[in-house]
Amino acid sequence: MPRGSGPRPLGPGGAVRRWRNRRRLAAAFERPGDADGRTLPIRRTGRGIWVATPIRVLEAAVAVLSAEGLLPGGAGGARPVPAPVIDAGSGDGRVLAVIAWLVPGQTVLGVEHDEVLHARAASHLRALGAAGVIEPAHLRLAAADYCDPATYAACGIALPRARLVLNYPDGNQHRLARFVAANCGPGTTLGLLTHDRDLTVDALPLRGCHEVRDRRGPPWRLSLYRRAG
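J.: Is there a simple way to think about the environment of S66 in this case?
T.: With respect to the element layout, S66 can be found in helix α2 (residues 55-67). Assessed through its relative accessible area of 10%, S66 is described here as buried. Between the C-alpha atom of S66 and that of V103, which follows or precedes it by 37 residues, the distance is 9.1 Å.

What follows is the structure, encoded as C-alpha cells:
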C-alpha cells in the first residue's frame, strides 16, 4: 500500500479482520476495567507522570485529527507523503500503535524519557507487528528528552517538517509549547489530550478544542495549538 493512503478499505472479511485486530491492540495495552477511564494506569517518571489514555479515546482523537487534515485520510487533505508526527511522552507506545493501525504508512516518532516505559513500548510494537496488527516499519522510538533538538537529529527527524506533536500534559506542557514555537515549522500543531478542561498554554495560539470520548468513560478534550507563520 502506498504511504499516506489512509486506512484500508473494508472488503470481504475486512470488517472481521478489523474487529480482531482492534481486540488484539486493546488487549496489548488495556487491563480489564481500564477502558472505562476510571482505573487508568499511572506511572511517575523522572520528568512528570504518565497516564494511559483509553484506546477508544485514541481512536476518536485520530478521527478528529484526520478530519482536521493533520493525519491522512480525512476531508482536510493531508500531504501525499506524510510529514512526521511526534508523540512527546509516548509511554507504553499505545498512541503509535493506534496511529499505525488506523493510518498505515504514517511516520511517527515516540519520545519517552522513562526507560521502563520505553522498553515496554518497544515490546508492544514488536509483538503487534509480529501478529500482523500493525506495520511498524514507519514507527520509531527514542528514550530521550522530547524538548532536546538533539533527540530528533539522532532519529533523522527534521523538526521544521513535523506536522503534529501530541502530548498528555503532565505539567511540562508550557515547556513543550515553547519548544514547538522555537523549533518547529509554521503550521505545526501541538495536540494536548487531557481530562483537564481548564488547561491552556501561552506560547502557541489555540486553533480549536474537540471533545473525544467513548461511550463509557468520562470526556477528554483534544486542544490544538498551531504555530504561526
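J.: What is the right way to look at helix α4 (residues 115-130) in this model?
T.: Each α-helix turn comprises 3.6 residues. Residues three or four places apart therefore point the same way. With 16 residues, α4 ought to run about 22 Å at 1.5 Å a step, and its terminal C-alpha atoms sit 23 Å apart, in line with that. Among the residues of α4, those classed as buried are L117, A121, A122, H124, L125 and L128. All buried residues of α4 project into a common sector of 165° when viewed along the axis, lining one side. Across from the buried face of α4, at angles greater than 90 degrees, the exposed residues are E115, R126 and A130. The N-cap residue of α4 is D114: its side-chain oxygen and the backbone nitrogen of V116 are 3.1 Å apart. Positive phi shows up at G132, right after α4, with a value of about 80°.

J.: What should I look at first to understand the nonpolar core in this one?
T.: As a rule of thumb, nonpolar side chains are buried together in soluble globular proteins. Grouped together as the largest cluster of nonpolar side chains are 37 residues, with contacts concentrated most on L25, L65, I99, I134, L193 and L222. Within the residue set of this core, elements represented by two or more residues are α1 (14-29), α2, α3 (94-102), α4, β6 (164-167) and β9 (220-226). Ranked by residues supplied to this core, first place goes to α3 with eight residues. Beyond its immediate stretch of four places on either side in the chain, L25 contacts I55, A97, V98, W101, L128 and V133.

J.: Any chance you could explain the pattern of salt bridges here in plain terms?
T.: All told, the structure shown has six salt bridges when counted by the stated rule. Put simply, R22 and E59 hold a salt bridge, and the shortest N to O gap is 2.6 Å. Of this pair, R22 sits in helix α1 while E59 sits in helix α2, and the two are 37 residues apart along the sequence. For R22, a relative accessible area of 15% translates into the label buried. Close ionic contact of E211 with R197 constitutes a salt bridge, the shortest N to O distance being 2.6 Å. Of this pair, E211 sits in strand β8 (residues 206-212) while R197 sits in the loop between β7 (189-194) and β8; the two residues are 14 residues apart in sequence, bridging distant segments of the chain. When salt bridges with common partners are traced through the structure, they connect R197, E211 and R221 into a single cluster.

J.: Is there a simple way to think about the packing of α2 against α3 in this case?
T.: Packed helices, taken two at a time, are described by the angle between their axes plus the distance between the axes. As a packed pair, α2 and α3 sit with axes 10 Å apart at the nearest point and diverge in direction by 55°. By the criterion of interaxial angle, the relationship of α2 to α3 is oblique. Note that α2 runs across α3; the crossing there is right-handed. Where α2 approaches α3, its residues I55, L58, E59 and V62 are matched on the opposing element by R94, V95, V98, I99, W101 and L102. Grouping the constituent residues of the contact of α2 with α3 by class yields eight nonpolar, no polar and two charged.

Reading the values: rules and limits
- Residues numbered from 1 in each chain as written.
- Predicted model: local features only at pLDDT ≥ 70, side-chain atom pairs only at ≥ 80, totals over all residues.
- Heavy atoms only, no water.
- Helix = DSSP H or I, 4+ residues; strand = E, 2+ residues; numbered from the N terminus.
- Buried < 20%, exposed > 50% of the residue type's maximum accessible area, 1.4 Å probe, protein only.
- Expected span 1.5 Å × (residues − 1).
- Arc of directions from axis to C-beta.
- Polar contact = N/O pair within 3.5 Å; in protein donor to acceptor, adjacent residues only side chain to side chain.
- Core = buried A, V, L, I, M, F, W, Y, C linked by side-chain atoms within 4.5 Å.
- Contact = heavy atoms within 4.5 Å.
- Salt bridge = Lys/Arg side-chain N within 4 Å of Asp/Glu carboxyl O.
- Axes fitted to C-alpha atoms, helices over the stretch in contact; angles between N-to-C directions.
- Parallel < 35°, antiparallel > 145°, perpendicular 65-115°, else oblique.
- Left-handed = near helix turned anticlockwise from the far one by under 90°.
- Nonpolar A, V, L, I, M, F, W, Y, C, P; charged D, E, K, R; others polar.

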